[in-house]
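# Coordinate analysis (summary)
Okay, here's what each chain looks like letter by letter:
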Amino acid sequence: MELLAAAFSAACAVDHDSSTSESDTRESAVGHLPGSESSSTPGNGATPEECPALADSPTTLTEALQMIHPIPTDSWRNLIEQIGLLYQEYRDKSTLQEIETRRQQDAEIHTNDLGSPASEETLEEEEEEEELPASPPERKALPQICLLSNPHSRFNLWQDLPEIQSSGVLDILQPEEVKLQEAMFELVTSEASYYKSLSLLVSHFMENERLKKLLHPSEAHTLFSNVLDVLAVSERFLLELERRLEENIVISDVCDIVYHYAANHFSVYITYVSNQTYQERTYKQLLQEKAAFRELITQLELDPKCRGLPLSSFLILPFQRVTRLKLLVQNILKRVEERSERECTALEAHRELELVVKACNEGVRKMSRTEQMISIQKKMEFKIKSVPIISHSRWLLKQGELQQMSGPRTSRTLRTKKLFQEVYLFLFNDLLVICRQIPGDKYQVFDSAPRGLLRVEELEDQGQTLANVFILRLLENADDREATYMLKASSQSEMKRWMTSLAPNRRTKFVSFTSRLLDCPQVQCVHPYVAQQPDELTLELADILNILDKTEDGWIFGERLHDQERGWFPSSTAEEILNPKIRSQNLKECFRVHKMDDPQRSQNKDRRKLGSRNRQ
């Protein structure tokens, strides 16, 4: 924690003289608040002294604004009916906007730093693009929360709602509060879109009578799992969020609701996601073995309701949602006042969501790892003393073929191909098994060692023959003696990946980003990537990562900021964030999100009264 605090302090120093860079997709419109140019209104230039109400607590501010324009209670189902996008579409567009916003900020600050500010014409074009009006929703006698009413327009911002425009609150709120309102509003609208897609999964696919007749009850249960429980929780969660919005057009908070549901009801997500391995296998088998099932699914997917999306995109919704929900809470946390009640609730909500996400990941891993270990053990034949492979605490980190070099290192006959023979390595989290592949898809084990007793060393450049060769030392192998192997990888990236996996604790720069110099290179994901090997990292759009290492042949070893997960990924899936001020801001935001480890957390927790907020 001391290292993290030191990095945070350095980040503050670097960013002291710069304006804060923002990563939220809604920020660009904040600079165009109605009345922001007027000196008589508390807009961009207002201070707490000039606007006493703004210096008060969020509760005081909310009470003051209630007198301006409360929203009368209405049916929450109007929210669902007026959502124009399925969650898959909503999520993709939202992350793409986030990527583009970050690109613009990076380019703008970088250009300004070089002394070549953007032209007025370009700025005017950007302002016009940001201010494109959405199609106005149909107005009724009472004001409604009309969310995403036009599926062909840009997302409706909180500040774009007619109720907000006509209320005058934009003349009162400071820009940072508007950004916070947008972040909370996005959480609600995205939940509504998610519920819409989840309902379609149930009504259009799961409850289809023809599909019910085709599937055996056990197949249906494996395919759809406890999705009805997930849907019911989402419905209650959305109802609570909608009620909060109906209390006031200026949202007081939503993270207390998120905390309550994450702590008490989101276990249904763990059950659903843990079934993912069996779900995917069952779905593939049904498509391959049942022509009637395949034809019916194709027909159902062509229905206009599905917007061209496959059933698989609906089945994965719960896992996507619970991970996205954590990021949305992080976005809120970046906006709330430090040491405020809203910060406390956001931190607690984020902590509970992290527990849920970790439990979901562990559930998936546990199922897949067990099957994988059983499969591997069946393929192994031991030339040495047998080693029990299957263990509840063991899993595969990396496997693959390398070339073992035999003979003395100083041999002048390196061109002789006999100097190299194929070996196959299975690297587990606690064990290395060295084999040779034999006929029948089998592997003959001839050596092994605990992972903690492995050491690696990269050879100096000795020409093309020894390119991508590294030394692997087993301090204590299967024969209780030290053994050395010279191994040749197929590429530079493959060599580095093996070296990183075999001995991650060796003295290298592969350490946590919080203990390195502040200005670490960063990238953002612009193309999603699904890990193909255990040492790779699955990336989603807009993920931000610190670069720990990179290879000349196009691979990056990175650490994702929002969860500190590490792994390799192709450099083509990401683009570098060039401006150090934005990198510094990303690090500061990461520190704030993860400061729940601070000892002061216990003191803050004593002051909190989650779920019993007084909003009168």
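That block above? That's the structure.
The structure reproduced in this document is the subject of the present report.

The rules behind each value
Residues numbered from 1 in each chain as written. Predicted model: local features only at pLDDT ≥ 70, side-chain atom pairs only at ≥ 80, totals over all residues. Heavy atoms only, no water. Pairing = 2+ DSSP bridges. Helix = DSSP H or I, 4+ residues; strand = E, 2+ residues; numbered from the N terminus. Axes fitted to C-alpha atoms, helices over the stretch in contact; angles between N-to-C directions. Contact = heavy atoms within 4.5 Å. Buried < 20%, exposed > 50% of the residue type's maximum accessible area, 1.4 Å probe, protein only. Polar contact = N/O pair within 3.5 Å; in protein donor to acceptor, adjacent residues only side chain to side chain. Salt bridge = Lys/Arg side-chain N within 4 Å of Asp/Glu carboxyl O. Core = buried A, V, L, I, M, F, W, Y, C linked by side-chain atoms within 4.5 Å.

### Digging into the sheet that holds strand β2 (residues 396–405)
The sheet built from 8 strands is open, its strands ordered β1-β5-β4-β3-β2-β8-β7-β6 with mixed pairing. The open sheet terminates on both sides in strands that have one partner only, identified here as β1 (380–382) and β6 (454–458). Pairwise comparison of adjacent strand axes, ignoring direction, gives a mean angle of 40° for this sheet. Note: β1 against strand β5 (residues 442–450), 3 bridges, orientation parallel. In the strand pairing of β5, Glu381 is matched with Gln444. Across the sheet, helix α18 (residues 341–379) touches β1, β2, β3 (420–428) and β5, and the angle it forms with β1 is around 50°. This element, helix α19 (residues 492–502), spans β2, β3, β4 (431–438), β6 and β7 (469–474) of the sheet and lies at about 120° to β2.

### Let's talk about the side chain of Lys398
Within the secondary structure layout, Lys398 lies in strand β2. On the basis of relative accessibility, which here comes to 1%, the residue Lys398 falls in the buried class. Here Asp535 takes part through its side chain, which lies 3.3 Å from a polar atom of the side chain of Lys398. Apart from the residues within four sequence positions on either side, Lys398 is in contact with Leu425, Phe426, Leu427, Glu494, Arg497, Trp498, Ser501, Pro534 and Asp535.

### Observations regarding the pattern of salt bridges
In the structure shown here, the tally under the stated rule is 28 salt bridges. The shortest N-O distance in the salt bridge between Arg560 and Asp563 comes to 3.0 Å. On the accessibility criterion, Arg560 (9% relative accessible area) is buried. One salt-bridge network, in which partners are shared between bridges, spans Lys398, Glu494, Arg497, Asp535 and Glu536.

### Side note on the nonpolar core
Among the nonpolar cores identified, the biggest contains 78 residues, and Trp158, Leu187 and Phe266 are the most heavily contacted of them. Here this core takes 15 residues from helix α8 (residues 175–206), the largest share from any one element. Residue contacts for Leu187: discarding those within four places in its chain leaves Phe237, Leu241, Val254, Val258, Arg321, Leu325, Leu328, Val329 and Ile332. In this structure, Leu397, Leu474, Ala489 and Met499 belong to the second largest nonpolar core, which totals 23 residues.

### With respect to the sheet that holds strand β12 (residues 566–570)
In space, the 5 strands of this open sheet follow the order β12-β11-β10-β9-β13, with antiparallel pairing throughout. The sheet terminates laterally at β12 and β13 (574–577), the two strands that pair on one side only. Across the sheet, the mean angle separating the axes of adjacent strands is 45° when strand polarity is ignored.

### Notes on the environment of Gln299
Topologically, Gln299 is positioned in helix α15 (residues 291–301). Its relative accessible area of 46% is what places Gln299 among the partly exposed residues. Separated by 3.4 Å, the side chains of Gln299 and Arg210 make a polar contact.

### Looking at the side chain of Glu559
On the secondary structure map, Glu559 appears in strand β11 (residues 555–560). Here Glu559 falls in the buried class, since its relative accessible area comes to 2%. A distance of 2.9 Å separates the side chain of Glu559 from the side chain of Arg566, its partner in a polar contact.

### Brief notes about the environment of Phe293
Within the secondary structure, Phe293 is located in helix α15. Taking the C-alpha atoms as reference, Phe293 lies 6.7 Å from Leu214; in sequence the two are 79 residues apart. Once residues lying within four places of it in the same chain are set aside, the contact partners of Phe293 are Leu211, Leu214, Leu215, Leu223, Tyr283, Leu286 and Leu287.

### Let's talk about unusual backbone geometry
In this structure, Ser225 takes a positive phi of about 50° despite not being glycine. Overall, the relative accessible area of 15% leaves Ser225 in the buried class. A positive phi angle, near 60°, is found at Asp480, a position not held by glycine. Relative to the elements of secondary structure, Asp480 occurs in the loop between β7 and β8 (483–488). Judged by relative accessible area, which is 61%, Asp480 ranks as exposed.

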